[in-house]
Amino acid sequence: MTHMRERPTHTARTVPSPRSTAFARVIVIAVLWPAPVPAAENPHSTTPALPEAPAPRPTTDLYGDPLPPGAVARLGSVRLRHYGLADFFIRPDGRTARTVGRDGFLRTWDLATGRQTEAHALRGEFGRATGQSESVPVGGMARPMQEPQLLFSPDRRFLAAIFNSRVVVWDAGTGHELRALARTNVVMQRGRFSPNGQTLALLEHDRLVLLEWRSGREQNLNFRVGRDDNSLTLCSDQFSPDGRRLIVSNGFRNVSVHVYEVAGAGELFKLEECDHLPYVVSPDNKWLAVARGGQDIYLHLHDLATGSERGKIKLEGSACSIAFSPDGATVAISEQIEDNKAIVRLVDPGTRKERARYELNEAPAWMKFSPDGKRIACELVSGTVLVPTGPGCLVPCQNSEHARMTFSPDGRQLVGTAYDVQRLRVWDAATGREEHDHPAQVVRVGGGRTDRSPSFAVAPDSRLLAAGERHPGAVRLWNLGDGRLVRQLVPGDDTRWGEQLVFSADGGTLVAGDDSGALKYIDTRTGAVGRVIELEFPDAAPDAQLGFRGFRPTGVWVSPDLRWAVGLMRSNAPRALVRDLSLDAPVRPVGFPGDVGAWAWPNVAVWVAKERGAGLVVVSAVTGLTRVRLPGFYPWGGPVVFSPDGRLLAAVGEGHQHVVVREVATGRAVATVATGRVYCLTLAPDDRTLVTTGVNGLRVWDLATGRARTPHTGRVLPADHFLPESREIVFTPDGRRVVSNLADGTGLVWDLGAFTRERLGPAPDDAPQAALWADLESDDAKTGYGAVWRLIEAPPDATVRFLGERLKPVVGPDPQLVRRAIADLGHDDFFKREAAMGRLATLGPLVAADLDRAARGDESPEVRQRAGQLVGKWSDPVPKGETLRAVRAITALERIGTAHARKVLAKLAAGASGAQQTEEARAALARMDARRAKP
């Protein structure tokens, strides 16, 4: 039996306004009304269509930065933000910083304002460094399968890219290519510049090489890279400050430290049994400090020139990091004493006398002295702390979790990256206050790419966007009118939110499914987490055939009406447990024939392997029954999406140069659009508009004509701003705007009113209406949907009257006869049982609900078995003839959306349950009700 258990509620954290300081906590109380939108195309429709003419749009975002043409708001800020940020340095003036990213650009930033002041594209052909085609330039390159390492030289003069067997070096000031080298039969894993920038130390598969990149001359160090039990390369290396020596550690256990002379590539000395503990060279090139020992650990101080030991310092715990002051007169040692107890000691390396110590809850994994030696930035898991070298108190840096920082030349600021590696962060080195603390991203960005599985939902009134992430777990609420961050919700525990987000019909509640199998009900007005339903699944297998044992879902999906919850188990045989949240009923196991590719409640797109028919199958998430099979329809490595109403399915076609849109009811192609290579795609609520992002930027397509609603040359955003791995473009329910999640972590709200749509022809008279009525039942989905679109464009009153006169509700079988036939499934006479099976089989889906209840009820075993057999072999049949015509006509009536159209749909919805026409009409009415709901 499934149980519901209430969990304690959590409070939400309110985000400061953009211009507040980091310590000012301002509660944002705002009415979430967006900018005015144009009237719908059809003035009689309650379903808004895309406007013909664009309304006046803002040209800058909330912070005064320019918006690309067609965009009306930005979610987050582009200040100090660089897509694929790989490395940076602060210029000697201390006022500007330069960054390089995997978008192929060098950018310069004003640290006082956060604005970009310069941008230079890397010259030459970046394909030499990435393994891509040499004809692909940097600015428009396709994303490589693996990212190159990009690094500046310590003297800030050069920039290198290292990838597979290629090395490219540029001028760090202009971006001009200076040298491109292709190394044969080697795979390079990383590199490091010497202090003067003339030599690169390259770590290859199992060796270290010194490469003079100007001449191409290389020296192979007599050094073999060690590996652990999992064959992972374990090697760290660093140049001495004068560049004359290279210090390398090797191995996982019984670590050794080797010191090489760079000029001759000869080994000077080697230190054994260092136990994989830290080492560092003093700035004056005098000392090499290495932590070594067994039960008693010492920090050994060696002469860097000879290797002779000049002294040692006994440690009180395990050494975690070591750092020298700029003048070399002080060494800082971080030590972990025990759980929740650590110290940082400041010691004179000459006399080995302790000068000061500070107690912390954890030992810093990294430490850096300020240029004047008065402060030490200590990186903790919980954030960076500034430790004084003289009298003073510890100063925590705000919002600095997982931060890696460097001091500005004057020591007044700390600049670096934190978890969000797509932008620079700036802190005041005296107070720890973060500068430029405006909201930065729609979802967090880590490792150079967006969260692998972000989730987005737009409120029914199209005013509020909820953006969820799994790592580390948070939900952000954004105002789509001006791009303002309304609030951020944090779970208060270790669970990960954002598996799926669903708004209630009135927009007042947001339901978030997490990876623990729980549903959290969030009040969007206050941000408070109220009701928490924890779906507890039984340990015993509820269905031995499906083999559920100790099932725990990897995520929970919720239907838009908040009635159904589906917990998906990702395994070799994809399965799910389904629960009706409106009833205290047990979960039901559902098996899927393949891997889940897309959701549009209640439809699930499943990819089937070759041995099972190869292609795509659309199944019901609630019953697992197959709706339609699309043999030979593959994802081809691209995204797969349903339209919001689940009627259409779009996927990238073979060759990655076009998108195929299919009608789910029949599985046949409605349109094939020559989009070029795309990264993301989505279908609009009007079932006629496709939006893609890819090598041609963001584009809007008309499925009726197959043509773009923007000129091919009218790119509204460069292609390098989009990330292929990102799969999210979200339409607002009114269909007027689309939100795109960009590769740099920000989002843009686009007004589709700027992209006018051509009419398909003049309004049809009676004779053409009759022709369109005939086209509605065509086996050619393109012809059928062409008739749907023409009917939607026609005068609504005449069209609805025409369809209403011809559409009739489905009459179901006599309920008494159905009950009698089900009872006969358990008759003593075998022939009567078979005859009952035959009668029920001819009725098909019209009696599916009755048979499902019988299969799960208290009937005899014979009745349950036979009823289950009938239900198990049924799926929603591909509609033909009058049924197909009615299904498509219902699509037109829903889009027309007038009161008269609603009456016709209500008449059809009163037909026999289980009939496809009836269920389509009921679903259309439910969607119309949701669009009319007010928060």
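That block above? That's the structure.
Residues numbered from 1 in each chain as written. Predicted model: local features only at pLDDT ≥ 70, side-chain atom pairs only at ≥ 80, totals over all residues. Heavy atoms only, no water.

Participant: Please give an account of the packing of aromatic side chains that cites residues and values.
Facilitator: Given two aromatic rings, their pairing is described by the distance between the two centres and the angle made by the two planes. Under the criterion given, the structure shown has five aromatic pairs. Ring geometry for Phe 830 and Phe 831: centres 5.6 Å apart, planes at 75 degrees, overall edge-to-face. Overall, Phe 831 belongs to the exposed group, its relative accessible area being 64%. The lysine or arginine in question, Arg 531, covers the ring of Tyr 521, its NZ or CZ lying 5.2 Å from the ring centre. (Phe/Tyr/Trp six-rings, centres within 6.5 Å; stacked < 30°, edge-to-face > 60°. Buried < 20%, exposed > 50% of the residue type's maximum accessible area, 1.4 Å probe, protein only. Lys NZ or Arg CZ within 6 Å of the ring centre and 35° of its normal.)

Participant: Pulling in residues and values, what's your account of helix α3 (residues 781–793)?
Facilitator: Taking 1.5 Å as the rise per residue, α3 with 13 residues should run 18 Å; its terminal C-alpha atoms sit 18 Å apart, in good agreement. If you check the start of α3, you find a side-chain oxygen 3.2 Å away from the backbone N of Lys 782, and it comes from Asp 780. (Helix = DSSP H or I, 4+ residues; strand = E, 2+ residues; numbered from the N terminus. Expected span 1.5 Å × (residues − 1). Polar contact = N/O pair within 3.5 Å; in protein donor to acceptor, adjacent residues only side chain to side chain.)

Participant: Residue-level account of empty space enclosed by the protein, with values.
Facilitator: The full count for this structure, using the stated rule, is two cavities of 30 Å³ or more. Reported here for the second largest cavity is a volume of approximately 40 Å³. Around the second largest cavity sit Val 442, Phe 456, Leu 465, Glu 728, Val 730, Val 739, Ser 740 and Asn 741, which together line it. Looking at which element gives the most residues to the lining of the second largest cavity, the answer is strand β63 (residues 737–741), with three residues. Looking at side-chain class alone, the lining of the second largest cavity contains five nonpolar, two polar and one charged residues. (1 Å grid on protein atoms, 1.4 Å probe; cavity = no way out; pocket = protein on both sides within 12 Å on 5 of 7 lines; lining within 4 Å. Points joined across faces, edges and corners; volume = space filled by probe spheres on them. Nonpolar A, V, L, I, M, F, W, Y, C, P; charged D, E, K, R; others polar.)

Participant: Account for the nonpolar core, with residues named and values stated.
Facilitator: Leu 776, Leu 803, Leu 807, Leu 893 and Leu 905 are the most contacted members of the largest nonpolar core, which has 25 residues in total. Elements with a minimum of two residues in this core: α2 (766–775), α3, α4 (796–806), α9 (881–896), α10 (899–909) and α11 (916–932). Looking at this core, the element that brings in the most residues is α9, giving six residues. Ignoring sequence-local partners within four residues, the contact set of Leu 803 consists of Trp 773, Leu 776, Leu 791, Ala 889 and Leu 893. Counting residues in hydrophobic clusters, the runner-up holds 18 residues, among them Val 661, Leu 703, Ala 781 and Tyr 785. (Core = buried A, V, L, I, M, F, W, Y, C linked by side-chain atoms within 4.5 Å. Contact = heavy atoms within 4.5 Å.)

Participant: How would you summarise unusual backbone geometry if you had to cite specific residues and measurements?
Facilitator: One non-glycine residue, Arg 156, lies in positive phi territory at about 65 degrees. Position of Arg 156 among the secondary structure elements: in the loop between β7 (149–152) and β8 (158–163). Phi at Asp 687 is positive, roughly 60 degrees, even though this residue is not glycine. Within the fold, Asp 687 resides in the loop between β58 (678–683) and β59 (689–694). Take Asp 687: its relative accessible area is 2%, and that puts it in the buried class.

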